[in-house]
Amino acid sequence: RHWAEVLGNPSFLGSVVNTIVLGTGTAIAAVTICSLMAYVTVRTRFGGRWAFDVLSWVPFTIPGIILGLAYLLFVLRTPFLTPFYGSMAVLVIVSTLWVMTTAMQLLKGTMLQLGAELEEVAKTLGSSWWHTFRRIVVPLMGPSLVIAAVMSFAVAAREVSVIIPVISSGTQPLAVLQLGYLLAGNQSSAAVVGTITVAITVAAALLVRALGARAGLRT
């Protein structure tokens, strides 16, 4: 009966799609941005590289609901962002900032363990920075990139406190739908939504692992 109630909810299918889009967008953005930040922090002598490391810890130190309200005020008071309030793009940005601590520290730790000899050889042979990063650094960091992507997807799929101030009725993910059931006192339907969220996360992890295995990455 509770499964029928959840599956028959007009908002359910949209919430599933929103969760997948939010998780996938967050995973891609977090891995891309944090891998570049980790490289700059560890491999370069850029004067402000320490700021990347410090700023990556900020979301970890602030309670989620406070950070969510801060993001809300930032969006509403920034003219070019205001029209995008409640859009999936804003949710992906907010979610990416939320998972930055985990992704950044994981990828930075991997970068510290990689020797710089291959990169130095590539540069000596005339390879550009981007070519070296794409053809040498990224493959070496492949397993960590996969793990960071899966963790980012999982966090984005279940997070509520940070994104709830900036969502709209059209971008509601499963986590917010589950919260609605809980506030209505319907714990059984909330448990159904939680089970579906876990299933989606596990499926995403298995898919990423399979794709990584096909690309020669073992995690």
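Preceding this section is the structure that the text describes.
A.B. asks: What am I meant to see in the overall build of the protein chain here?
C.D. replies: Scanning the protein chain from N- to C-terminus turns up eleven helices and zero strands. Going from N to C terminus, the protein chain has its helices and strands arranged as α-α-α-α-α-α-α-α-α-α-α. In terms of principal-axis extent, the alpha carbons of the protein chain reach across some 65 × 45 × 25 Å. Expressed as a percentage of the 219 residues in the protein chain, the buried residues total 42%. In the protein chain, of all internal contacts separated by at least 6 residues, the share reaching a separation of at least 24 is 79%. Carbon and sulfur atoms make up 70% of the accessible area of the protein chain, which totals about 11,600 Å². Taking the 13 positively charged and 6 negatively charged side chains of the protein chain as two groups, their mean positions are separated by 4 Å.

A.B. asks: Any chance you could explain empty space enclosed by the protein here in plain terms?
C.D. replies: Over the atoms, a rolling probe the size of a water molecule traces out where space has been left empty. Tallied over the full model, the rule gives one cavity of 30 Å³ or more. By volume, the largest cavity is sized at about 30 Å³. Considering the residues around the largest cavity, the lining is formed by Val99, Thr102, Ala103, Ala148, Met151, Ser152 and Val155. Of all elements in the fold, only helix H6 (88–113) and helix H9 (142–158) reach the threshold of two or more residues within the lining of the largest cavity. Residue classes in the lining of the largest cavity are distributed as five nonpolar, two polar and no charged.

Cut-offs applied
Residues numbered from 1 in each chain as written. Predicted model: local features only at pLDDT ≥ 70, side-chain atom pairs only at ≥ 80, totals over all residues. Heavy atoms only, no water. Helix = DSSP H or I, 4+ residues; strand = E, 2+ residues; numbered from the N terminus. Buried < 20%, exposed > 50% of the residue type's maximum accessible area, 1.4 Å probe, protein only. Contact = heavy atoms within 4.5 Å. Areas by Shrake-Rupley, 256 points an atom, 1.4 Å probe, with all protein chains shown as cover. Lys, Arg positive; Asp, Glu negative; His and termini not counted. Charge placed at Lys NZ, Arg CZ, Asp CG, Glu CD. 1 Å grid on protein atoms, 1.4 Å probe; cavity = no way out; pocket = protein on both sides within 12 Å on 5 of 7 lines; lining within 4 Å. Points joined across faces, edges and corners; volume = space filled by probe spheres on them. Nonpolar A, V, L, I, M, F, W, Y, C, P; charged D, E, K, R; others polar.

The values reported here are purely geometric and, on their own, carry no functional implication.
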